[in-house]
Amino acid sequence: MSWIDRVRKALPFKDKRDTPDNLWIKCPSCSEMLFTKEYEENLNVCPRCEHHGRIGADARFAQLLDPGFTVLPSPKVKEDPLKFKDQKKYPDRLKAARAANPHPDALTNALGAIGGHKAVLGVQDFAFMGGSMGMAVGAAFVAGADKALKEKCAYVICTAAGGARMQEGILSLMQMPKCTVAIRRLNAAGLPYIVVLTDPTTGGVTASYAMLGDVQIAEPGCLIGFAGQRVIQDTIREKLPEGFQRAEYLHEHGMVDMVVHRRDLKDRLALVLDYLGTAKAA
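Just so it is clear, the model here is predicted, and its values are computed rather than measured.

A. How the structure looks around the sheet that holds strand β4 (residues 107–114). On the basis of which strands lie adjacent, the open sheet formed by 7 strands has the order β3-β4-β5-β6-β7-β8-β9 and mixed pairing. The open sheet has two edge strands with one neighbour each: β3 (70–71) and β9 (258–259). Where strand β7 (residues 193–201) and strand β8 (residues 215–218) come together, 4 bridges link them in parallel fashion. Bridging across to β8, Ile 194 finds its partner in Val 215.

Spelled out as structure tokens, the structure:
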């Protein structure tokens, strides 16, 4: 036996410990490497540059609703009404999205309270097919508004979407007027409809229920718009101003009422609901 083999056998080597793949996360804005646990404890906001990361429905419910809320069942709709197929069949895309997400489609509602004020909270999850608006999203929105009408409370919606779902064609665009009618019913009943715009909110969602709130609140730095910047620039043949379609720019130009940091969002919503005189939760 060579001397190096004797030394190797004599040393008390231990098995290499497995390191979790998700121990670190890179901020998409400043590229800072962050501990995932610290990042999540900071509400998925970068402590260096204050970039607000995208979060799912369950995290949003936990952040905004008082303990004891109830996630409402998602309404059933006809799937693949157009028998759409691109590189994959539409049912296969839905199956893959559902396997990667905890809820059956992009919009989920919960009944609870925000700072003691009863409310129905709807959350769009961009992780589910880009938060795209299809028949299921339209049905969930109407169901959330109906629940608010029944409970005589506010309907708060957190938007995050790339627009309408192309696999459902004209049927996805029909959700725009459908949701608008549901908002008019809330208005007629004197119930608040509050929109929290998160990154990104674009396309047909912006053109419908995302911009019809009694109060429009946006998270810092979130993208809000209808068409993309390159499309607009190519159309008008002009360079767009700095920060165009970002929350702060829209606030400066009167399109949103306030820009609120995520850590302050629950308290601000509770304050707005208090001003609007909504009922206290039992």
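Next, the rest of the story.
B. Spotlight on helix α11 (residues 262–275). Along its 14 residues, α11 runs 20 Å from first to last C-alpha, staying within 8% of the 20 Å computed at 1.5 Å per residue. Along α11, the residues classified as buried are Arg 262, Leu 265, Leu 269, Ala 270, Val 272 and Leu 273. Two residues or fewer after α11 comes Gly 277, characterised by a positive phi angle close to 70°.

C. Layout of the nonpolar core. Within the largest apolar cluster, 38 residues are counted, with the highest numbers of intra-cluster contacts made by Phe 141, Tyr 155, Ile 157, Tyr 193, Tyr 209 and Ile 224. Those elements that place two or more of their residues in this core are α4 (90–100), β4, α5 (135–151), β6 (154–161), α7 (175–188), β7 and α10 (247–252). The dominant element in this core, judged by the number of residues it contributes, is α5, at 6 residues. Judged by nonpolar contacts, the second largest core, of 23 residues, contains Leu 65, Ala 119, Met 258 and Leu 269.

D. The arrangement of the pairing of β8 in detail. Of the two faces of β8, both are covered, the one formed by Val 215 and Ile 217 as well as the one formed by Gln 216 and Ala 218. Judged from the 2 bridges that link them, β8 and β9 form a sheet pairing that is parallel. Across the sheet, Ala 218 pairs through a bridge with Val 259, a residue of β9.

E. Focus on the pairing of β4. Of all 8 residues in β4, 8 are buried, a share of seventy percent or more. Because side chains alternate across β4, one face comprises the buried residues Leu 107, Asn 109, Leu 111 and Ala 113, and the other comprises Thr 108, Ala 110, Gly 112 and Ile 114, equally buried. Across 8 bridges, the pairing between β4 and strand β5 (residues 117–124) is antiparallel. Bridging from a neighbouring strand, Ala 110 pairs with Leu 121 of β5.

F. Representation of the packing of aromatic side chains in the model. Applying the stated rule across the entire model yields 7 aromatic pairs. Note on Tyr 155 and Tyr 193: the rings are 6.2 Å apart at their centroids and 35° apart in plane angle, and the pair reads as tilted. Of this pair, Tyr 155 sits in strand β6 while Tyr 193 sits in strand β7, placing them 38 residues apart in sequence. Judged by its relative accessible area of 0%, Tyr 155 is buried. Among the aromatic residues, ring-to-ring pairing joins Phe 141, Tyr 155, Tyr 193 and Tyr 209 into one connected group. In this structure, Arg 54 is placed above the aromatic ring of Phe 126, and the distance from its NZ or CZ to the ring centre is 4.4 Å.

About the cut-offs
- Residues numbered from 1 in each chain as written.
- Predicted model: local features only at pLDDT ≥ 70, side-chain atom pairs only at ≥ 80, totals over all residues.
- Heavy atoms only, no water.
- Pairing = 2+ DSSP bridges.
- Helix = DSSP H or I, 4+ residues; strand = E, 2+ residues; numbered from the N terminus.
- Expected span 1.5 Å × (residues − 1).
- Buried < 20%, exposed > 50% of the residue type's maximum accessible area, 1.4 Å probe, protein only.
- Core = buried A, V, L, I, M, F, W, Y, C linked by side-chain atoms within 4.5 Å.
- Phe/Tyr/Trp six-rings, centres within 6.5 Å; stacked < 30°, edge-to-face > 60°.
- Lys NZ or Arg CZ within 6 Å of the ring centre and 35° of its normal.

Worth remembering: the numbers are spatial, not functional.
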